[in-house]
Amino acid sequence: MDRVAAMLFLLAVIVTTAVLSLAFFSICPLFSTCIAALLYVLFYFLANESSGVHHAQEFENRFWTIWSALLAVAIIYVPDSPVYFEDLGPYVGPMMVLTVGYGVHTWDRIVHRKEMNRQIPVGLRRGASAAQSLVRLNAMGGMSIEEQLNRISNCMKNIDQMLVPSTINNFINQQYVMRQEREIISIFEDAQPKALNYLIGHVKLGLIFYKIKDHRSYRGQHRTELIELLAVDRVSVLSIVSRVSLLSALQLMKLPANNRAEHWVRNIILSTHQDDLSELKTMNDSHMDYYCMTKLIYEDIRSETIRRDILDHFRKEAAVQNAHMEMGTRKSKLRMQKAWRKILSDVDDTLTSSGGSYPAGVDKRYPKKVVYPGVIGLYREMDLGINGPEKMPSNTGNLVFLSARPHLYKDISEKHNFAKFKKLREREGVDGRGGLHTTPSLLAGDITSGREFMMTNDFEPLARKKFDNFKKYVSIYPEFKHVFICDNGQGDVRAGELVHDSFPNHLDGLFVHVVQDMRKTYGFDAERWRKKGLTAKTCFFTSYPDAALFAATRTPPLIRMSGLFRVCQDAIIDFDIITKSQKWSSSSQKRDRMSDLNQSLWRCNQTLNKHGEPTVPLIESSRQWEDGEKVRTLYGIGTIRGFDPVFDLYDVELDWRLLDLQL
């Protein structure tokens, strides 16, 4: 669907909705007014996530309860409602309203509890060892770690009643609930350091923070007491993984739910230094959801003073890390085993093809939603760099996607992309290289830039929004270099130029996937780019092996030659996956893309052979006719004598007799 068709479809939807609304108002004006008012309130609620009603999950739960109850009142009691009943009696109507309100209230609690129950990958510290086993923990004396976990679990069951809201349960059984909360606090307070780290990694910390409340009595400030214990008093003994768990739990709880929450976040971050701080930030971006460092620093934290303190800490620690590298210290030798590079990538027409579907993208060369051959391998090799191991040592990587799709309430729009990333993580391939090598994070667009693009077809708002996201990301990761992989279909090229203008030392490379004629590329001017020095670090490519070839041969290289070989291998496998899925729209589409990819692989093989590396076989076409078979051509009937599977060409012996004499 192109832009004209999409706009016509949108216009038809708007007109149809307006006509139906007017018809509905003419039939039942009172009921329509009530519904319109409720929808307006709902829209305002969803569109203003910074408002006070979103500061705590309890507030959101009460909103949904009251809103659904009012909707039930409008449906049941408004005289011109389509389902209005005159003889409901004095009890039936109120019971129906209460049932609807309580049902929505319970449903929202269950959904939120499910979100709170998630846990990130755990471990007592980086690199598992026998010292972290349960046997060693239990041998330290005192209550065993299993008993402590069971006690916490039993206390939570007593506090968290499935069908009874916490507010009512705390009012009825306040003393009993407070004793259970106190017992949980005492377990964390008395635990040895290694046991404490194990507990934090194996309990549902977000749910604990949410369910343990600050009661009105002075000695009942249990939530504050528990988090103060972990985030301040005992933060020095926490491992990096435990600190990530703590930050994640605070985000799930919602920072505005407690006046001290932002100070706790600052204390956790400011007590972490250098490479440990880099690991903490990277791990906090690996949850496979929209809770990430960018959201934590620029949305959840509302105090400018605290945000400035944290960003200053990031810059100071980055300066210390860079000083180690410049002085060639012992720590620098360890740091050189990593690339210290963040890979930022677009999604549509960069990771997967849009199939030319508006407004996602313009690339019709590949079928819709297929993964481009070699792109996943390029992400992995960019992350590995030129030193260190040949394989990713852990699941924690440095991949982040910049999407133009606008952020909506909570993670409604992000869920689509995260579901796609999850499937790509589970793909199988050669030596475990089939899927994404790490759990990526996602920086989404906004409604304003998306609306301006849709209404005016102007790519500048999209470019500016991606640049703003990049600017925030660089402020969080000043110790890293950054590579931007994008396409020339919309505003990505312009965004890349803005990044270079503002952060020339942080941008390690710009890789542009050419999906349309270069003359249509928004924001590209070859002469202007040459004067800025951006051309030297930019690669325009149509196949990902060519991008890998540029990365391997530039000075200094971004990936090693063995990495180029692996990207070529992965590209062949990815192409085979597309073929097996039978997603090609036509045989000519498959043939053209195979020809493009084979040319790219041939160029890579030339370089691999020059450097003494093994080469990859080119993609071969499946044979349709066997030798000796008769075929009809433009020049008459012929006989198949041979077949070249690489170029998909047949050797045909023509029958040169007159057509009326041929069989």
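Residues numbered from 1 in each chain as written. Predicted model: local features only at pLDDT ≥ 70, side-chain atom pairs only at ≥ 80, totals over all residues. Heavy atoms only, no water.

Another aspect to go through is the overall build of the protein. Within the protein, the regular secondary structure consists of 26 helices and nine strands. Relative to its 663 residues, the protein shows a buried fraction of 49%. Within the protein, contacts between residues at least 6 apart in sequence are counted, and of these 70% link residues at least 24 apart. Counting every atom, the protein has about 32500 Å² of accessible surface; 58% of that belongs to carbon and sulfur. (Helix = DSSP H or I, 4+ residues; strand = E, 2+ residues; numbered from the N terminus. Buried < 20%, exposed > 50% of the residue type's maximum accessible area, 1.4 Å probe, protein only. Contact = heavy atoms within 4.5 Å. Areas by Shrake-Rupley, 256 points an atom, 1.4 Å probe, with all protein chains shown as cover.)

The strand order across the open sheet built from six strands is β3-β2-β1-β4-β5-β6, with neighbouring strands paired in parallel fashion. With partners counted over all chains shown, the strands left at the sheet margins are β3 (441–445) and β6 (538–541), one partner each. Neighbouring strand axes in the sheet, compared pairwise and without regard to direction, differ in orientation by 20° on average. Relative to β3, strand β2 (residues 399–406) runs parallel, the two sharing four bridges. The residue bridging L402 from the neighbouring strand is L443, located in β3. Along the sheet, helix α19 (residues 414–425) contacts β2 and β3; its crossing angle with β3, the most-contacted strand, is approximately 150°. (Pairing = 2+ DSSP bridges. Axes fitted to C-alpha atoms, helices over the stretch in contact; angles between N-to-C directions.)

A few words now on helix α26 (residues 587–610). Helix length check: α26, at 24 residues, gives a terminal C-alpha distance of 34 Å against a target of 34 Å (1.5 Å per residue), a fit within 8%. Within α26, the full set of buried residues consists of Q589, R593, M594, L597, N598, S600, L601, C604, N605, T607 and L608. Buried residues along α26 sit in contact with α24 (544–553) and α25 (561–580). A positive backbone phi angle near 75° is found at G612, which sits one or two residues after α26. (Expected span 1.5 Å × (residues − 1).)

We now examine the pattern of salt bridges. Where charged atoms from two side chains of opposite charge approach closely, those side chains can pair. Evaluation of the coordinates by the stated rule reveals 41 salt bridges. Close ionic contact of D446 with K465 constitutes a salt bridge, the shortest N to O distance being 3.9 Å. In this pair, D446 sits in the loop between β3 and α20 (447–456) while K465 sits in helix α21 (residues 460–476), placing the two residues 19 residues apart along the sequence. Among the residues examined, D446 registers a relative accessible area of 26% and is labelled partly exposed. Under the relative-accessibility criterion, K465 is labelled buried at 18%. The closest approach of N and O atoms between D627 and R623, which form a salt bridge, is 2.1 Å. (Salt bridge = Lys/Arg side-chain N within 4 Å of Asp/Glu carboxyl O.)

So, on to the sheet that holds strand β7 (residues 630–633). Overall, antiparallel pairing links the three strands, which are arranged β7-β8-β9 in an open sheet. The open sheet has two edge strands, β7 and β9 (649–654), and neither has a second partner. The sheet shows a mean angle of 55° between the axes of neighbouring strands, direction not considered. The sheet contact formed by strand β8 (residues 636–644) and β9 spans six bridges and is antiparallel. Within the sheet, the bridge partner assigned to G638 lies in β9 and is L654.

With that settled, the discussion passes to the packing of aromatic side chains. In this description, an aromatic ring pair is defined by two values, namely the gap between the centres and the angle between the planes. Considering all chains together, one arrives at 28 aromatic pairs under this definition. Taking the centre distance of 3.8 Å and the plane angle of 10° together, the rings of F45 and F63 count as stacked. One end of the pair, F45, is in helix α2 (residues 29–47); the other, F63, is in helix α3 (residues 57–77), with 18 residues separating them in the sequence. Taken individually, F45 and F63 each receive the classification buried, so the pair is uniform in this respect. (Phe/Tyr/Trp six-rings, centres within 6.5 Å; stacked < 30°, edge-to-face > 60°.)

Any segment with low pLDDT has predicted coordinates that should not be analysed in fine detail. Residues of the protein with pLDDT of at least 70 account for 94%, and the chain-wide mean is 87. Below pLDDT 50 for its whole length, residues 121–131 participates in 21 contacts with residues either more than four positions away or in separate chains. (pLDDT = per-residue confidence, 0-100.)

Burial analysis of strand β4 (residues 481–487) places six of its seven residues in the buried class, the great majority of the element. Both strand β1 (residues 341–345) and β4 contribute to a ladder of five bridges, which runs parallel. In the sheet register, L344 faces β4, and the bridge partner there is F484. Here six bridges tie β4 to strand β5 (residues 507–513), and the two strands are oriented parallel to one another. Bridging across to β5, V483 finds its partner in G509. For the handedness criterion, the β-α-β arrangement of β4, helix α22 (residues 492–502) and β5 is classed as right-handed. (Right-handed = clockwise from strand over helix to strand, strands pointing away.)

Ranked by internal contacts, the top residues of the largest apolar core, which has 134 residues, are F188, F209 and F511. Ranked by the residues each element gives to this core, the list is headed by helix α12 (residues 240–253), at nine residues. Other than its neighbours up to four places away in sequence, F188 contacts I152, L196, L199, I200, V203, L205, I208, L226, L229, L230 and R234. Within the second largest apolar cluster, twelve residues are counted, among which are I35, L38, L42 and W64. (Core = buried A, V, L, I, M, F, W, Y, C linked by side-chain atoms within 4.5 Å.)

A surface patch of nonpolar side chains, amounting to about 820 Å² of accessible area, comprises Y102, I110, M162, L163, V164, I168, F171 and I172. Those elements giving two or more residues to the nonpolar patch turn out to be α4 (89–116) and α7 (166–172). Assignment of secondary structure puts F171 in helix α7. The class for F171 is exposed, based on a relative accessible area of 73%. (Patch = residues over 30% accessible without salt bridge, like charges linked within 9 Å, V, L, I, M, F, W, Y side chains within 5 Å.)

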